[in-house]
Amino acid sequence: MDGTTYLSDYRPYPFTLDRVALTFRLSPRATRVTAALSLSPREAGTPLHLDGEQIKLISLALDGTPLTPADYLLTETGLTIHPAALPEGAFTLQTEVEIAPEENTALEGLYMSKGMYCTQCEAEGFRKITFYPDRPDVMARFHVRIEGDAPVLLSNGNPAGQGPGWAEWDDPWPKPAYLFALVAGDLVATHGTFTTMSGNKVDLNIWVRPGDENRTEFALGALQRSMKWDEETYGREYDLSLFNLVAVDDFNMGAMENKGLNIFNSKLVLASPETATDLDYERIEAVIGHEYFHNWTGDRITCRDWFQLCLKEGLTVFRDQSFTTDVRLGPVKRIDDVIALRGRQFREDAGPLAHPPRPDHYREINNFYTSTVYEKGAEVVGMLKTLVGAGGYRKALDLYFARHDGQACTIEDWIKVFEDSSGRDMSQFKRWYTDAGTPHLKVTENFNNGTYTLEFTQETKPTPGQPEKPPRLIPIAVGLLSPNGDEVVPTTILEMTEATQSFTFTGLATKPVPSILRNFSAPVVLERETSAQEQAFLLAHDTDLFNRWEAGRNLARATLIAMSGGAEPDSAYLDAIGTLTAGTTEPAFRALALRLPGEDEIAQALFAAGATPDPEAIHRARRTLMRAMAQRHEAALAATYDACAVPGPYTPDAGPAGLRSLRLACLGLLSTLDGGARAKRLFTEATNMTESLGALGVLVAAGDAARELAAFRERWQGNALVMDKWFLTQLSLCPPGQAAELAETLAADPLFDWKNPNRFRSVMGGLSANHAGFHRADGAGYRFYADWLIRLDPVNPQTAARLSTAFETWRRYDPARQALIRAELRRIADTPALSRDLSEMTARLLG
C-alpha cells in the first residue's frame, strides 16, 4: 500500500454518530480530552475504527465499562474496537486522551499561538485531538466543556453556561469534525450586532489580543455587510444567536469557517490606515465574506468526502467574488480575478501538479487546497450561471439548499439540482469537474455577403494521468463591433459542445471586429491571429470592460515577448497606452491597464509558444518597456500622478483606492526617469500604508532604498504584520542579481521567525516571486529555497509542502536550470523522515 486514497473506494461510515460530548482540561503540555460518542451500528459484526494520531490514550470505556487491551487495536493512526466487544444496538464510547498543544508546531489540531490555545481541524486535524471518525460525511451535534485559567474560553455554537475557570458550548447543528473549533486565551472583543431578515438579533464579536482592538472596526463592518448581502442575494439567514471571529498570529491558512467560531489569520482581520494597504482592506472584506458564506455552502451543506472539496470551496469563492464585485469593485473585480487565475491556476494546469477540480485520488489531502479547487472551481460555478442565466441560477441554488440542508454532498448532487431546475442535460458540462487542464480555443473567421462566421476548435493538452480529453461544453460570450466602434451585435452566449464548431451572424453591412470571450466567460486560452491595430481598436472601443483590458494586455504581452528576443518597443502599444493614460475610464481600470504583465506570465507565454524563456532577458525587457512608456508619455503620467493625490483623511473605499492605485502605477513608470525622486518624496510624506509601501517598492526595484528600508524597519519592527510586508517587498522587487544574497541576509535577521507561517511565506514567497532572481543561472535561489523547505518540513509539513509549488514550472527553462532544480528536488525527496506532505509534492513535481 502506498497510502493513496481513491474516490472509487468510498464507502459510507458503518456507524451513525448522533451526539458528541467533549471536555477539555487545558494545559500546555498535558491537555486532557474526554469524549463521549453516541454511536449506532448500521449492521452488526462491524469493527469500529476511529482515527487518532499523536495522542496518548488514557482510558477507554463502552457504556461506562472499561475495555481491555484484548478488545481493541491501537496503532499510530487510530483505534479499532473489535466487533466482539461491541453491542448490537446503540452505545456510548468514552475515551480520555492526553495531548501537548505547546509541542504542536504543525499547527493542526489543538496548538498554541503565543500563549493562546486554538485549533485548526480541516482537513484531518481533529484526529490529533481525540479518537474520532475524522471524515466529513460523519455529522454530529457537539456539546463542549472547556476548563482552564484563560479569561476567554470559546467553542462552536451558542453559550450553554460559564463560571470561574470553565465554559460550556452547545452547537445545535450537526457538523463534521473538521468544523470543530476551540479558542482559549487573553482576548478582548469588538462587539456589534446584526438583525436578520426574520428579526433575530445576532451578537457579533471580533476577538483579538489586547492592544489590537483599535484595528478591528473594518472587520466588524465587513462581517455585517456579508450577512446582509447573503440575505439579499441568496436568501440565506444566519442560524445562531452568536457569531465569534478570532484573530490568530500563527495560522497555516487564511481563515477557517468553523460553525459560529471562525478562526482567522490575524493579517486578514487587523487593519488601520497606517498599517494596512488598500489591497489588505479588500482582502479582509473578501475573506470575511468567504468564511461567513461557508455557513451555508460548507457548514449546513458540507462535502461527502475530500474529493468533493471544490463543491464547498469553488461555490464559496464564487460567492465571495460576487460579493466583492457588488459591494466594492464592480466590473474591475473580474479583471483582478482573471489575473490571479492565470497567475496561479493556469500555471498549475500547465505543469506536473495539474489535477481536476475533483481529483480521483490523493496521498495527502492537504496538498489539494489548490488554485484549481478554489479559483477554477469558482469559474465552473460562474459558467453554470452563464448557461442557465441569473434567474435559473437562483432557482437551482434555492433547490440545492432545500434539498440538501444538513447533508454531506457530492458534485453529482450539485449538478443534479441544475439539471432538475433547468431541464438541461449537464453530463458534458460535468467534465469541467473531472478533467484537468486548460482548454485552448483556436478561432478563425470568415465574412461573405453580410454573413460573418466564427469557427472554434477546442483542445486540452494531456495532463498527468489524463492523456485524452473529450470536448467540453464551453460558454463563449461574443459581441461584434463595427469599424467605427459601434456595437452591432450585443453580447451573445455561444455554447460550444464539439471539438470544432462554427457560429454565424447574418445581416451585417461590413465585416465586424469580434469581441470574444467577454467577461472571460470560460477559463480557457484563446488563440486567434490578430493585428496590433485591432487590439488597439478594442482597447479604445470595446463595450466590455474586461475585453478592453484584455486587448491592452495582449498588446503588452506580445511586445514583451518580442523585446525579450531583442526587438524594440512596439509603437502601437505605446500609442494605445497614451490614449488610455489621458482617458476618462475609472482610475482602477486605468491602473490595471498600465501595469505590465508579470515576468512569470511572459515566461509561460514563451513556453506555450514552444520557446525557452530567459528570465534575465524577460526582466530587462520589462524594465526597458516601462522606461519607454514613461519617455513617450511623461507629461501625461506626471499630470495623472498629481491629479490622483487623494485629499483628506484616508478611507479604504473603492473610489479613493482606485485613485491611489493609478497614482502608484504612474509612479512606477516615472521612477525610471526621475531617479526615484517622486518615490522618495512620497515615502516621506505618505500618511497611509498603501502609499508608503508603494513608494518603498518602487525604490527597491530601482536599487535605491537602503535609507527608506532602514526607516521603515525602525518604525514598524514591533508590528509583525507590517514587518511581513518589509521582508516580502525587498525580496520580491529587488534587482535579480541581489535576490539570493538578500534572502540569506534576511533569513539571518533576528526578526525572521521562521516557525511563523506568515513570516516564512514573506521570505520564501518574496524570493520565488522575484522571477529572474529565483531563477538565477547559478542556482543560488534554488539552493536557498530547498534548504529552508527541508528545515521547515519536520516542524510544519503543511506549509513546507504548499511552498514547494515554487518549483512547479521547472520544465519551462533551459537544460542547465532544469538540472539545477531537479537536483534540489531530488535532495528534498532523499531527506530522511520526510513528511508525507512534502514527499508527495516532490514526487509529483519530479513526475
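Up top is the structure these notes are about.
Residue numbering note: each chain is counted from 1, following its sequence as written. Since the coordinates come from a predicted model, pLDDT governs what is reported: local features require at least 70, and pairs of side-chain atoms require 80 or more to be given and counted, while whole-chain, interface and lining totals use all residues. The side-chain figures draw on all heavy atoms in the structure; neither hydrogens nor water molecules are used.

> Explain the overall build of the protein here, please?
Secondary structure follows DSSP: runs of H or I at least 4 residues long count as helices, runs of E at least 2 residues long count as strands, and numbering of each begins at the N terminus. Scanning the protein for helices and strands turns up 26 helices and 31 strands. Throughout, the radius of gyration refers to the C-alpha atoms, and the reference size of a globule is 2.2 Å times the residue count to the power 0.38. In summary, the protein has a C-alpha radius of gyration of 28 Å against a globular reference of 29 Å for 847 residues, a match within 12%. Each of the three principal axes of the protein carries a C-alpha extent, and together these read 85 × 65 × 60 Å. Burial status across the protein gives 60% buried among its 847 residues. Only protein chains enter the accessibility calculation, which uses a 1.4 Å probe; a residue is then buried when its area is under 20% of its type maximum, exposed when over 50%, and partly exposed in between.

> Can you walk me through the packing of aromatic side chains in this structure?
Centre-to-centre distance and the angle between the planes together describe a pair of aromatic rings. Geometry of aromatic contacts follows a simple scheme: Phe, Tyr and Trp rings, the Trp one being its six-membered ring, pair when their centres are within 6.5 Å, and the pair is stacked under 30 degrees between planes, edge-to-face over 60, tilted otherwise. Tallying each qualifying case throughout the model produces 45 aromatic pairs. On the basis of an interplanar angle of 45 degrees and a centroid distance of 5.0 Å, the ring pair of Trp-229 and Phe-293 is categorised as tilted. Remark: Phe-293 occurs in helix 2 (residues 278-293) and Trp-229 occurs in helix 1 (residues 217-234); sequence separation between them is 64 residues. For Phe-293, a relative accessible area of 0% puts it in the buried group. When the ring of Trp-726 is compared with that of Phe-727, the centres are 5.1 Å apart and the planes differ by 90 degrees; the resulting orientation is edge-to-face. With a relative accessible area of 6%, Trp-726 lands in the buried category.

> What is the right way to read the packing of helix 16 (residues 677-685) against helix 17 (residues 689-702) from this model?
Any two packed helices are characterised by the angle at which their axes cross and by the distance between the axes. Lines are fitted to the C-alpha atoms to define the axes, a helix being fitted only along its stretch in contact, and any angle between axes, read from their N-to-C directions, falls within 0 to 180 degrees. For the pair helix 16 and helix 17, the least separation of the axes is 8 Å and the interaxial angle reads 150 degrees. Regarding the angle of helix 16 to helix 17, the classification is roughly antiparallel. The element helix 16 and its partner helix 17 pack so that their crossing is left-handed. Facing helix 16, whose interface residues are Ala-679, Lys-680, Leu-682 and Phe-683, helix 17 presents Glu-691, Ser-692, Ala-695, Leu-696, Val-698 and Leu-699. Split into classes, the residues belonging to the contact of helix 16 with helix 17 amount to seven nonpolar, one polar and two charged. When describing relative orientation, an angle under 35 degrees is termed roughly parallel and one over 145 degrees roughly antiparallel, while 65 to 115 degrees is termed roughly perpendicular and anything else oblique. We call a crossing left-handed when the near helix sits turned anticlockwise from the far one by less than a right angle, and right-handed when that turn is clockwise. By definition, residues are in contact when any of their heavy atoms lie within 4.5 Å. Each residue gets one label: Ala, Val, Leu, Ile, Met, Phe, Trp, Tyr, Cys and Pro are nonpolar, Asp, Glu, Lys and Arg are charged, and the others, such as Gly, are polar.

> Explain the sheet that holds strand 7 (residues 72-74) to me, please; I cannot follow it from the model alone.
Whether parallel or antiparallel, the strands of a sheet pair through hydrogen bonds between backbone atoms. Here three strands make up an open sheet; going across it, the order is 4-8-7 and the pairing antiparallel. Looking at which strands have only one partner, the edges of the open sheet turn out to be strand 4 (48-51) and strand 7. Direction aside, neighbouring strands of the sheet carry axes that sit 10 degrees apart on average. If DSSP finds at least two bridges between two strands, the strands pair.

> I keep staring at the pattern of salt bridges and nothing clicks. Help me out?
Pairing between side chains becomes possible if they bear opposite charge and their charged atoms approach one another. Every case where a carboxyl oxygen of Asp or Glu lies within 4 Å of a side-chain nitrogen of Lys or Arg is listed as a salt bridge. Tallied over the entire structure, the rule returns 64 salt bridges. When the shortest N-O distance is used, the salt bridge between Glu-108 and Lys-128 registers 3.4 Å. Here Glu-108, found in the loop between strand 9 (91-99) and strand 10 (109-113), pairs with Lys-128, found in the loop between strand 11 (116-120) and strand 12 (140-147); they are 20 residues apart in sequence, far enough to count as distant. By the burial criterion, Glu-108 is buried, and Lys-128 matches it. Here Glu-232 and Lys-228 are joined by a salt bridge, their closest N and O atoms 2.4 Å apart. With Glu-232 and Lys-228 both in helix 1, this residue pair falls four residues apart, about one helical turn. Residue Glu-232 is classed as exposed on the basis of its relative accessible area, which comes to 53%. For Lys-228, a relative accessible area of 44% translates into the label partly exposed.

> Honestly, unusual backbone geometry in this entry has me stumped. Any pointers?
Generally, phi is negative for residues other than glycine and the peptide bonds are trans, each holding for most cases. The peptide bond linking Glu-122 to Ala-123 adopts the cis configuration, its omega dihedral lying at 5 degrees. Mapping Ala-123 onto the fold places it in the loop between strand 11 and strand 12. Positive phi, close to 50 degrees, is recorded for Asn-449, a residue that is not glycine. Considering the arrangement of structural elements, one finds Asn-449 in the loop between strand 25 (440-448) and strand 26 (451-459). The phi dihedral of Leu-517 is positive, around 70 degrees, even though this residue is not glycine. In this structure, Leu-517 sits in the loop between strand 30 (513-516) and strand 31 (525-527). In this structure Leu-517 comes out as buried when scored by relative accessible area, which is 3%.

> Looking at this structure, I do not really get the environment of Glu-291. What am I missing?
With respect to the helices and strands, the residue Glu-291 is situated in helix 2. For the pair Glu-291 and Asn-756, spaced 465 residues apart in the sequence, the C-alpha separation amounts to 22 Å. Leaving out residues up to four positions away in the same chain, Glu-291 has contacts with Ala-255, Met-256, Glu-257, Asn-262 and Phe-264.

> What am I meant to see in the packing of helix 19 (residues 720-733) against helix 21 (residues 757-769) here?
At their nearest, the axes of helix 19 and helix 21 sit 7 Å apart, and the two run at 15 degrees to each other. Comparing their axes, helix 21 and helix 19 come out roughly parallel. The two elements helix 19 and helix 21 cross, and the hand of that crossing is right-handed. Between helix 19, through Ala-720, Leu-721, Met-723, Asp-724, Phe-727, Leu-728, Leu-731 and Ser-732, and helix 21, the contact on the second element is made entirely by Asn-758, Arg-759, Ser-762, Val-763, Gly-765, Gly-766, Leu-767 and Ala-769. Across the contact of helix 19 with helix 21, the residue classes tally to nine nonpolar, five polar and two charged.

> Just to check I follow, could you spell out the side chain of Asp-171 for this structure?
Relative to the assigned elements, Asp-171 resides in strand 15 (residues 166-175). Residue classification places Asp-171 among the buried residues on the basis of a relative accessible area of 0%. Apart from the residues within four sequence positions on either side, Asp-171 is in contact with Arg-141, Phe-142, Asn-156, Gly-157, Leu-240 and Lys-259.

> Is there a simple way to think about the side chain of His-290 in this case?
With respect to the helices, strands and loops of the structure, His-290 is situated in helix 2. Taking relative accessible area as the criterion, His-290 reaches 6% and is therefore assigned buried. The definition of a polar contact used here is a pair of N or O atoms within 3.5 Å, where within protein one atom must be able to donate a hydrogen and the other to accept one, and adjacent residues in sequence count solely through side-chain atom pairs. One polar contact links His-290 to Asp-320, side chain to side chain, over a distance of 2.7 Å. Those residues in contact with His-290, other than ones at most four positions away along the chain, are Glu-313, Thr-316, Val-317 and Asp-320.

> What's the story with the sheet that holds strand 30 in this structure? I'm lost.
Within the open sheet, the three strands sit side by side as 28-27-30. Their pairing is antiparallel. Only two strands of the sheet have a single partner each, and these edge strands are strand 28 (487-496) and strand 30. The mean inter-strand angle of the sheet, taken between neighbouring strand axes irrespective of direction, is 25 degrees. Pairing of strand 27 (residues 474-481) with strand 30, which is carried by four bridges, proceeds in the antiparallel orientation. The residue bridging Gly-479 from the neighbouring strand is Ser-515, located in strand 30.

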